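# Structural features, examined
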Amino acid sequence: MRDRLNPLDIALCLAFFTRLPLPHLDFRDRTLADAIWAAPIAGLAVAIFASAAYALGGWLGLPSGPAAALALAVAMLMTGCLHEDGLSDVADGFGGGSTRERKLEIMRDSRIGSYGTAALVVSLLLRWSALAALAGPAQVFAALIAAHCASRALPAALMHVLPPARADGLSASAGTVSQESALLGAGIGAVSLLVLGLGAALAALILLVLLIVGFAALCRRQIGGQTGDTAGALQQLGEIAILLAASTAFI
């Protein structure tokens, strides 16, 4: 893998996965596949801003419920709902398509259907309720760090083990994710789970391993590979799993 720890990879992931106003940088011949090991670091930036929003809500006297909603809103603003879009597209495609070609066609359609709407509602409810159940800013900060960092290591693994499902699109243009890049991102994500405590970190890690294995098998059966939408959906599922684990660990 070329220049595995190239600092440009962090900037590229911040530029791609967030809406932070970054200066114009020349990424030269770096591709998203080269840089995706740094996706958990982009997740760290999202977690910091979301945690600050939760803390601000508490400082203003908001109960945990509204403060958790504020944290979610800031996280979605920071990413432009990139991963939420993937989740809704996958739900519509996998749920509404009868053939591989039809599923891919639905996933590319910018309109949202009933499956996609339901998936977004359930995702938001699960993430909000998990955050609202936590005792305060310190626990929310730990949960968001683990969730946003570790969940963003999953798309690299998916893109490594499965081929692109179509010849064009984001996944195909991103390039091939090497084993080294996938493992490096996974290592960063695994380390981030330690903020939950060793027991909860191990439980969350097991959940994520089961999730990537099961979701990869589902994608292979449904569309014969992976797309940018499936990568986004997997991130959302991983974030939900970690937040749920954190909500039980901190009770």
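Residues numbered from 1 in each chain as written. Predicted model: local features only at pLDDT ≥ 70, side-chain atom pairs only at ≥ 80, totals over all residues. Heavy atoms only, no water.

### Some thoughts on the overall build of the protein chain
When helices and strands are counted, the protein chain shows 13 helices and 0 strands. Taken from N to C terminus, the helices and strands of the protein chain fall in the order α-α-α-α-α-α-α-α-α-α-α-α-α. Dimensions of the protein chain, computed from the C-alpha atoms along their principal axes, are close to 50 × 45 × 35 Å. Put simply, the protein chain has 251 residues, and 50% of those count as buried. Considering only intrachain contacts with a sequence separation of at least 6, the fraction spanning at least 24 residues in the protein chain is 76%. Between the centroid of the 15 positive side chains of the protein chain and the centroid of its 16 negative side chains there is a distance of 3 Å. (Helix = DSSP H or I, 4+ residues; strand = E, 2+ residues; numbered from the N terminus. Buried < 20%, exposed > 50% of the residue type's maximum accessible area, 1.4 Å probe, protein only. Contact = heavy atoms within 4.5 Å. Lys, Arg positive; Asp, Glu negative; His and termini not counted. Charge placed at Lys NZ, Arg CZ, Asp CG, Glu CD.)

### Brief notes about the UniProt feature "transmembrane region" (unreviewed entry) in the protein chain
Taking the numbering used here, the UniProt-annotated feature "transmembrane region" (unreviewed entry) corresponds to residues 35-56, 62-82, 112-134 and 183-216. Regarding residues 35-56, the helix share stands at 86% and the strand share at 0%, and the terminal C-alpha atoms are separated by 33 Å. Secondary structure content for residues 112-134 is 83% helix and 0% strand, while the C-alpha to C-alpha distance between its ends is 32 Å. (UniProt positions renumbered as here; feature names shortened; annotations may be inferred.)

### With respect to the packing of aromatic side chains
Enumeration over the complete set of coordinates arrives at 1 aromatic pair. Between Phe16 and Phe17, the aromatic rings sit 4.9 Å apart at their centres with planes inclined by 85°, giving edge-to-face as the arrangement. (Phe/Tyr/Trp six-rings, centres within 6.5 Å; stacked < 30°, edge-to-face > 60°.)

### Thoughts on a nonpolar patch on the surface
There is a patch of nonpolar side chains on the surface, built from Leu56, Trp59, Leu60, Leu62 and Leu70 and spanning about 540 Å² of accessible area. Of note, Leu62 is situated in the loop between helix H3 (39-59) and helix H4 (64-79). For Leu62, a relative accessible area of 36% corresponds to the partly exposed category. (Patch = residues over 30% accessible without salt bridge, like charges linked within 9 Å, V, L, I, M, F, W, Y side chains within 5 Å. Areas by Shrake-Rupley, 256 points an atom, 1.4 Å probe, with all protein chains shown as cover. Salt bridge = Lys/Arg side-chain N within 4 Å of Asp/Glu carboxyl O.)

### What about the nonpolar core?
Within the largest apolar cluster, 51 residues are counted, with the highest numbers of intra-cluster contacts made by Leu131, Leu158, Leu193, Leu196, Leu208, Leu234 and Ile242. Aside from chain neighbours lying at most four places away, what touches Leu208 is Ala150, Leu154, Leu193, Gly238 and Ile242. (Core = buried A, V, L, I, M, F, W, Y, C linked by side-chain atoms within 4.5 Å.)

### Some words on the environment of Ala200
Among the secondary structure elements, Ala200 is positioned in helix H12 (residues 198-223). You can call Ala200 buried: its relative accessible area is 12%. For the pair formed by Ala200 and Lys103, sequence separation is 97 residues and the distance between their alpha carbons is 36 Å.

### Observations regarding the packing of helix H7 (residues 114-132) against helix H13 (residues 228-249)
The geometry of H7 relative to H13 is characterised by a closest axis approach of 9 Å and an angle of 30° between their N-to-C directions. As far as their axial angle goes, H13 and H7 are roughly parallel. Here H7 runs over H13; the crossing is left-handed. In this structure, H7 contributes Ser123, Leu126, Arg127, Ala130 and Leu131 to the contact, and H13 contributes Gln236, Glu239, Ile240, Leu243, Leu244 and Ser247. In the contact of H7 with H13, the residues fall into 6 nonpolar, 3 polar and 2 charged. (Axes fitted to C-alpha atoms, helices over the stretch in contact; angles between N-to-C directions. Parallel < 35°, antiparallel > 145°, perpendicular 65-115°, else oblique. Left-handed = near helix turned anticlockwise from the far one by under 90°. Nonpolar A, V, L, I, M, F, W, Y, C, P; charged D, E, K, R; others polar.)

### A short note on the pattern of salt bridges
If you walk through the whole model with that rule in mind, you get 5 salt bridges. Here Asp109 makes a salt bridge to Arg111, at a shortest N to O gap of 2.7 Å. Taking relative accessible area as the criterion, Arg111 reaches 64% and is therefore assigned exposed. Residue Glu239 is joined to Arg127 by a salt bridge in which the shortest nitrogen-to-oxygen separation is 3.3 Å. Of this pair, Glu239 sits in helix H13 while Arg127 sits in helix H7, and the two are 112 residues apart along the sequence. Each of the two residues, Glu239 as well as Arg127, counts as buried. Taken together, the salt bridges that share partners define one network made up of Glu84, Arg127 and Glu239.

### Examining the packing of helix H1 (residues 7-17) against H3
In the contact formed by H1 and H3, the axes pass within 8 Å of each other and the chain directions differ by 55°. Taken together, the axes of H1 and H3 are oblique relative to one another. Where H1 crosses over H3, the two elements pack in a sense that is right-handed. Residues Ile10, Cys13, Leu14 and Phe17 of H1 pack against Ala39, Ile41, Ala42 and Ala45 of H3. Its residues assigned to classes, the contact of H1 with H3 shows 8 nonpolar, no polar and no charged.

### Considerations on unusual backbone geometry
Leaving glycine aside, a negative phi is the common case for residues, and trans is the common case for peptide bonds. Phi angles above zero are rare outside glycine, and Cys81 is one such case at about 55°. Structurally, Cys81 is set in the loop between H4 and helix H5 (82-96).

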